[in-house]
Each structure stands twice: as C-alpha cells, then as structure tokens.
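# Reading the structure
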Amino acid sequence: MTKPVRVRFAPSPTGPLHIGGVRTALFNYLFAKKHKGTFVLRIEDTDQNRYVEGAESYIVESLNWCGIPFDEGPGKNETHGPYRQSERKHLYKQYADQLIESGHAYYAFDTAETLDFHRKDHEAKGKTFIYNWHNRLKLSNSLSLSQEDVQAKLDSGEDYVVRFKSPQDQTLHLKDIIRGDIKIDTNILDDKVLFKSDGMPTYHLANIVDDHLMEVSHVIRGEEWLPSLALHYQLYDAFGWETPQFAHLPLILKPTGKGKLSKRDGDKLGFPVFPLAWQDPKSHEISRGYKQDGYFPEAMVNFLAFLGWNPGTEQEIFSLEELINAFDLERVNKAGARFDPDKIKWFNHHYMQLQNDYDLAQAFQKSRAELSEIDTQYIEMVVTLIKERASFVSDFWELSHFFFVAPKDYDPKALKKAIKDDTVEILNKTKQLTENVEDVSVENLQSSIKGWIASNEIGFGKVMMPLRLALVGALQGPDVFDIMFMIGKAESIRRIDALIAAI
RNA sequence: GUUCCGUUGGUCAAAUGGUUAAGACGCCACACUUUCUAUGUGGAAUUAGGGGUUCGAUUUCCCUACGGAAUACCA
C-alpha cells in the first residue's frame, strides 16, 4: 500500500444514476479522501446502442449535488485522460492483439445466430452452453481453424470477436477486501468476449486496460461484478500487470419483497430512487429526484453511508468530514441491505433542524403562491417556530398556514373536544384580556391570560383549547401565545370573534 | 439448471468462542404541554433449521432451506 490511492467510479451513461450507483460513488469518494487519494470519474460508454443523451451530465450534476465531486474526469484535471471510453477506442485494439500474440486470447468467427442456436439447444436439454475449453475446438475460431483459414477470414473482412482463452484445470485464488478469499475453478469459466465485432472493447477489456493506465489502486464496485472477478484477475496476469485491490459492495435491496432496488419500487412506495429528477429524452417520462422531493444532500449521504457500512459505535449522525474519518472498507457488510424510506426521512428531519431558517423561509416562500407578497423575515420567524415538526419544506404549509391565513372552518373533532357550555363566555373574556394588552409581546399576552386563568382557578384547557381552535382552526401548532404575537392583536381578536360567531 | 456471494428483531445493524445479544428507524404505551406530526421515558421484538467441534458456539466446520447476483459481441 505504498502506491497512492486512486479509485474510480465508472458508470455507463445509459440513464440517470440510481441510488445504488450513488452509494458506490460515495464509498469510492470516502475511501479516496480517507487515504488522501484521488477520486476519478470514468464514463463507460463502449455500448453505443445504449447511450442516452444527457446521462453523463446528469451523473456529474448528481455527484456535485451530493457533495462528492470527482477530482479527475471528463473536463477536470485530465492527467490520465481521456475519461470517456469512446474517446479511448484507439487504445484497446493493441491490447487485444497483445493477448492474441501471447496466446491468452483468440479470434472467434461464430455468428450471433450460431451461438444463439447453441444456447437454446442446450437450454432445451436442461444444460448451459458455455463457450470454453470443452467445446471451443468444435466452434469457429483461430484455435479450431487452420492458420490459412483464419487469415483468409480476417483478410476478407469477416466479422470477428476476440475471446479470452480461459485455462483448464486451474484453481484461482481471488481476494476481496470485504469478502476475503474466494476460490474459483477455471473449468466453469467461459471464454469471454474481450473485443467486439464493432471495433469496441467489451467492459472487461476496457475496464482492465483503463484501470491499469489510470493507475487505479482499488476497485470498489457493486457485488454484481463479483462473478467477473476471476476473469479480471486473469487479465491482469495475462498482461503482466499488477492487480489492484478489489472490494465488492453489497447490493441495495427493495424495501419490501425481493431483489435489487428498482425505479418501480420508488413509484410504488412513494420515494425517489434517483438523486435528481430526470426526464427520459425519448419517452419524456419524468422520474422524481431526492433534490426535488426536498431531501437535503447531507441527509441522503448520511443515510446511504449506513447502508452496508457502520462505524461500530453508536454515532449515527455523520457529516461528510466525519464519514471520511470513520470510513473503513473492512467494516463494510457482506449482506445486501434493504432500503428504508422511513429512515432517510428521519435523517432529513434531523438535518432540517440544522438548516438556516432564512434559507428555508426563502425556499418555503418560493413554493407557495400565497406567500409571494409576505415579508421573508416574517416567514423566517414562522419557520423557526414550526420546523422542529417538519421533515421537508413541503410540510411547512400544513404546519403554518394559520400564520398567514385565518381558519376558514374548524376541525369537527376539535370543536367537540374544545367547546363546552361556557366557552363563549370564556372566549369573550379572552378577547377582552387580549385587547387589554398594551405592549404586545409573547410574555405580556401570556401573563395576561395565564394570570387570569390562575386567579380564577379555571382549567387551563377550558381557556386554551378554544383559543387555539379560534386561531388555528384545529388543535395543532406551536405555542398559542407565539401565534397570537405573530399574527398580531387585531387579527387574534378577529379570529376569536369568528369562532364565537360560529358556535 | 450451474457457479459464486450471502442469512442476528419488521428494517439498518453491534458483539466474533464466555455479556441480561448494543444502538438506530419503525411500531406500541406513558409522560410533558394549551394542542401536535415534536421532545422525553419505557415496552414488545432477533442469532433461518439441523448436525459436528468445544467445558461453552451468534461467533468455527458440514448439510439443508431461503435470498441475491452472474450465466450476452450490456455495463
């Protein structure tokens, strides 16, 4: 571990970055920062058919919003670039050739139809078709054909792929930081395509070449890559390159049921699975995003960090800085983690309390047309009073509308609970007491009304509940005197009158 | 089907040969208070099943079950 730490996040731009991808990026980022290393972004766009317009900039914007920007990547500190595999296309052919020369790979001419036929045929017999040592000599490739035939095919421009020649009867010892040692029998491995007939490398080749050229020290990626690890190890060996260290992260699972988290789960249970909202360029379908749904990036990062990792202490609230300090790949779990929408909401509630009230007030004001004419300072004071109950800015209106608009009707249950025979009498007295307050402040309103209650030995609830009902329209909200002070004496009296009239 | 990875309360999870098996979310109850979706206190709830090793197993080993991933000229 004397080499500088360099890690990469290597998404393929086939759509918006999903929450699992964000978690992978986050762990890469934390590991890089912890070891004063470099976090590289590489775009794996070797499949031209699946390229989606705008996906790359979406990925960049998402990382930035989360506060985990890359150090090196497209358009940024390009010391090991280019960072799009499509722009590195010219690099890969020579490495494929190198493997053919060294006998680690070979040309294969089988058509997609032929292979498809074999697969279907095997499947029908309950077997699996594997292109490797046990049948490669029966197929069309440079191991089964004569040298002349091969050359003729190549010269005539026939389509070919380059396949890795997987060895027979070997046991591979793989190492994973999270999972420990893994043993693999090479006989079950297939001769994976390294180089496609369209002139592009497959993921496997491009990945190894780029990780080597970009001097990646640690490959931290999702568990779905674990089955490819054997191939990747062999590729490093074949090239004679030093193998980086690997860590395969557990998957993020659906909140209920089985399987990997998917967009559909979010739609069904009402939470986003993408950091930012995304509109599909073709279908124009819009997917909601954490940002637009009112989540704070700190909350999302904190939550995501705890999906598959924990510090082993009781601390759960972590700033990014603290996460960097505490993070350790050795403490990453092996088992997949279920996504819990309630928990991320709880984190958001926590981070809400840490936000600046004026900023929140501005966001609140922008979100409601009713507030456009109201002084932002007033809104800020309201926010201060109600935010402890809120998880999202979108909760604010429900919690605070009575600071801006008089109640139009009264909650029937609350009416039943608060209104007694003597309520009108008490409300009239409360109104009078309010009128009598000269210098309107929370303290003066309070001492006036509470003093009267105390000296007359009336039940608190008998006075306070109707008063609250008059002001709010329901039995909710912050301190009654805070509300009275905020809306003012005149408005308070108007609302008391309105309730008296309604009884 | 095959290969690999995994399995501690409903969920996230700590502990790794010896503890009453932490803590958090959620749930329930109670308290506080003028109300509450807040806060506080408390409660219910876990080692997948079977076998082996051991004085002792959540921890090690084996089997079974279950779950996941991979099995493409996709990444």
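Use the structure listed above.
Residues numbered from 1 in each chain as written. Chains lettered and ligands numbered in written order. Predicted model: local features only at pLDDT ≥ 70, side-chain atom pairs only at ≥ 80, totals over all residues. Heavy atoms only, no water.

Moving on, we come to the overall build of chain A. Scanning chain A for helices and strands turns up 20 helices and 13 strands. Since a compact globule built from 503 residues should have a radius of gyration of about 23 Å, the 32 Å found for chain A marks it as more spread out than a globular shape. The principal-axis extent of the C-alpha atoms belonging to chain A is close to 110 × 50 × 40 Å. Among the 503 residues that make up chain A, the fraction classed as buried is 48%. Put simply, of all contacts in chain A between residues at least 6 apart along the chain, 70% involve residues at least 24 apart. Total accessible area on chain A is roughly 24,400 Å²; 49% of this is exposed by carbon and sulfur atoms. Chain A carries 60 positive and 73 negative side-chain charges, and their two centres are separated by 4 Å. (Helix = DSSP H or I, 4+ residues; strand = E, 2+ residues; numbered from the N terminus. Rg over C-alpha atoms; globule rule 2.2 N^0.38 Å. Buried < 20%, exposed > 50% of the residue type's maximum accessible area, 1.4 Å probe, protein only. Contact = heavy atoms within 4.5 Å. Areas by Shrake-Rupley, 256 points an atom, 1.4 Å probe, with all protein chains shown as cover. Lys, Arg positive; Asp, Glu negative; His and termini not counted. Charge placed at Lys NZ, Arg CZ, Asp CG, Glu CD.)

As a matter of local geometry, RNA strand B sits amid 59 residues, with Thr 128, Lys 196, Arg 389, Leu 475 and Asp 479 nearest to it. Side-chain polar atom of Lys 196 to a phosphate oxygen of RNA strand B: 2.8 Å apart, as the coordinates give it. Lys 343 has a polar side-chain atom sitting 3.0 Å from a sugar or linking oxygen of RNA strand B. Looking at the surface near RNA strand B, the elements with two or more residues in it are β4 (161–164), β6 (180–185), β13 (337–338), α11 (341–354), α14 (396–400) and α18 (460–472). Grouping the constituent residues of the surface near RNA strand B by class yields 22 nonpolar, 12 polar and 25 charged. (Near = heavy atom within 4 Å. Polar contact = N/O pair within 3.5 Å; in protein donor to acceptor, adjacent residues only side chain to side chain. Nonpolar A, V, L, I, M, F, W, Y, C, P; charged D, E, K, R; others polar.)

This paragraph deals with the pattern of salt bridges. As enumerated under the stated definition, the model contains 26 salt bridges in all. Among the ionic pairs, Arg 50 bridges to Asp 47, the shortest N-O distance being 3.5 Å. The class for Asp 47 is partly exposed, based on a relative accessible area of 30%. A salt bridge links Asp 497 to Lys 431; the nearest nitrogen and oxygen atoms lie 2.8 Å apart. (Salt bridge = Lys/Arg side-chain N within 4 Å of Asp/Glu carboxyl O.)

Burial within strand β9 (residues 245–249) is extensive, with 4 of its 5 residues counted as buried. By the bridge criterion, 5 bridges tie strand β8 (residues 218–222) to β9 in an arrangement that is parallel. Bridged to Val 219 within β9 is Phe 246. Once the chain exits β8 it traverses helix α7 (residues 229–239) before rejoining the sheet at β9, and the crossover so formed is right-handed. (Pairing = 2+ DSSP bridges. Right-handed = clockwise from strand over helix to strand, strands pointing away.)

With respect to the element layout, Ile 184 can be found in strand β6. Each C-alpha atom, one on Ile 184 and one on Leu 229, is 9.8 Å from the other, the two residues being 45 residues apart in sequence.

The tally for this structure, following the rule as stated, stands at 26 aromatic pairs. Geometrically, the ring pair formed by Tyr 29 and Phe 39 is edge-to-face, given 5.9 Å between the ring centres and 85° between the ring planes. Placement of the pair is Tyr 29 in helix α1 (residues 19–34) and Phe 39 in strand β2 (residues 38–41), with a sequence separation of 10 residues. Across the pair, Phe 39 and Tyr 29 agree in class, each one buried. Their ring planes at 80° and their centres at 5.2 Å tell us that Phe 303 and Phe 339 sit as a pair that is edge-to-face. Of this pair, Phe 303 sits in helix α9 (residues 297–305) while Phe 339 sits in the loop between β13 and α11, and the two are 36 residues apart along the sequence. With relative accessibility at 2%, the residue Phe 339 sits in the buried group. An aromatic cluster is present here, built from Phe 27, Phe 306, Trp 309, Phe 318 and Phe 327 joined pairwise through their rings. In this structure, Lys 76 is placed above the aromatic ring of Phe 70, and the distance from its NZ or CZ to the ring centre is 4.8 Å. (Phe/Tyr/Trp six-rings, centres within 6.5 Å; stacked < 30°, edge-to-face > 60°. Lys NZ or Arg CZ within 6 Å of the ring centre and 35° of its normal.)

What follows is about the side chain of Lys 431. Within the fold, Lys 431 resides in helix α16 (residues 423–436). Residue Lys 431 is classed as buried on the basis of its relative accessible area, which comes to 19%.

Let's shift gears to the sheet that holds β4. Read from one edge of the open sheet, 3 strands run β3-β4-β7, paired in antiparallel fashion. Every other strand in the sheet has two partners, leaving β3 (105–108) and β7 (193–195) as the edge strands with one partner each. Going across the sheet, the axis of each strand differs from the next one's by a mean of 45°, ignoring polarity. Looking at chain direction, β3 and β4 are connected through 4 bridges and run antiparallel. Its bridge partner being in β4, Tyr 106 is matched across the sheet by Arg 163. (Axes fitted to C-alpha atoms, helices over the stretch in contact; angles between N-to-C directions.)

Function cannot be inferred from these measures alone, as they are strictly geometric.
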